[in-house]
Amino acid sequence: MSPLSTCLLLLGTAASTVLAHSHLAHILVNGVLYNGFDPRPGVANYPNRVGWSSSNSDDGYVGPADYASPEIICHKSGAPPLAHAPVKAGEKVHVQWNGWPIGHVGPVLAYIAPCLNTADGCGSVAKNNLRWTKLDDSNPVLLPGQPGNWGSPAGKWATDIMIAQNNSWQVEIPRGLKPGPYVLRHEIIALHFAKNKGGAQNYPVCMNLWVESPVEPALQAFELDDFDARNFYKDTDKGILIDVSTSLSGYSVPGPTAAPQARAVPHAQQQMMLSRADGTPVVVVRSTATQKWTPTVGTAKAKRTGEPAVKGRYYRD
């Protein structure tokens, strides 16, 4: 195991026990690492990050009061970067959270949206215009009768499975997805205070992907849905207003249903993946063409789009 991989593993495991909040540390595609975004004060994020920026400097959440606002789409003041992580349709994206607290139980969800009518892929996409398809609802979110990580009377939760895999989750990109730029939205809903109306805590994080053709042609095209994130949840949904401190027979996943063609990675196949190399993301130069990200390309395009070039020392969790 490389020193970087060892450090990532130890930090991620420790963070799960001490943090009350979290963010997107990075993603891995076939063991190749692409940077997420760290909203905490004093951290200079990587210029070639694929994770969307956000203003939750406390590493905090979006509450039910903001379910109908743009804050729920890609977190508070969410804004896209220029870089995209290349991934082939049919491959798995390994989403690495900075940590997750034991006891913050709930579902682990994944959505995808195409970036349409832009010249730079998702780099300047208007988040309000994104329309989403659910790829994974971590169902069954609750396994009654199985012991969880904190002795929950309800049973074992999807978040328990995520914590056991070093706070990470795998999402399969549909094999029949049309090539192009997409935003992948990963979300955890923490339910430890959800017995009170308004107590649920949503943690949505977004990342830019450039989806390439699969190694083998798909039998059929993947059909996208058209859901607006601002209509995903209501504060009275069964999966939002719920007392997880009691014995439960099951859990109703909130939000739209997963697409019929989506193939969620089963719980038993979820596994931690260690980084073996840093990846080089791409920037979209035309609607159907990309080039590898370089400091020159990234800075030049950032200045044109109004996003400041980031300088300084960079930290990876």
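This text gives an overview of the structure that appears in the document. (Residues numbered from 1 in each chain as written. Predicted model: local features only at pLDDT ≥ 70, side-chain atom pairs only at ≥ 80, totals over all residues. Heavy atoms only, no water.)

Quick look at the side chain of His-23
Item 1. Along the chain, His-23 falls in the loop between helix H1 (3-18) and strand E1 (24-29).
Item 2. Among the polar contacts listed, one links the side chain of His-23 to the side chain of Asp-59, at a separation of 2.9 Å. (Helix = DSSP H or I, 4+ residues; strand = E, 2+ residues; numbered from the N terminus. Polar contact = N/O pair within 3.5 Å; in protein donor to acceptor, adjacent residues only side chain to side chain.)

Details of the packing of aromatic side chains
Between two aromatic rings, the relevant description is the distance of the centres plus the angle of the planes.
Item 1. Tallied over the entire structure, the rule returns seven aromatic pairs.
Item 2. Seen in terms of ring centroids, Trp-100 and Tyr-203 are 5.0 Å apart; in terms of plane orientation they differ by 85°. Their pairing is edge-to-face. Note that Trp-100 is positioned in the loop between strand E4 (92-97) and strand E5 (108-114) and Tyr-203 in strand E11 (residues 201-212), a separation of 103 residues in sequence.
Item 3. Exposure remark for Trp-100: the relative accessible area of 0% places this residue in the buried category.
Item 4. Every member of this aromatic cluster is reached through a ring pair, and the members are Tyr-61, Trp-97, Trp-100 and Tyr-203. (Phe/Tyr/Trp six-rings, centres within 6.5 Å; stacked < 30°, edge-to-face > 60°. Buried < 20%, exposed > 50% of the residue type's maximum accessible area, 1.4 Å probe, protein only.)

Quick look at the pattern of salt bridges
Two side chains that carry opposite charge are able to pair once their charged atoms sit near each other.
Item 1. Summed over the entire model, instances satisfying the criterion amount to seven salt bridges.
Item 2. The salt bridge partner of Lys-92 is Glu-172, with a shortest N-O separation of 3.9 Å. Of this pair, Lys-92 sits in strand E4 while Glu-172 is found in strand E9 (residues 168-172), placing the two residues 80 residues apart along the sequence.
Item 3. What makes Lys-92 partly exposed here is its relative accessible area of 31%. (Salt bridge = Lys/Arg side-chain N within 4 Å of Asp/Glu carboxyl O.)

Without other data, these values stay purely geometric and don't point to any function.
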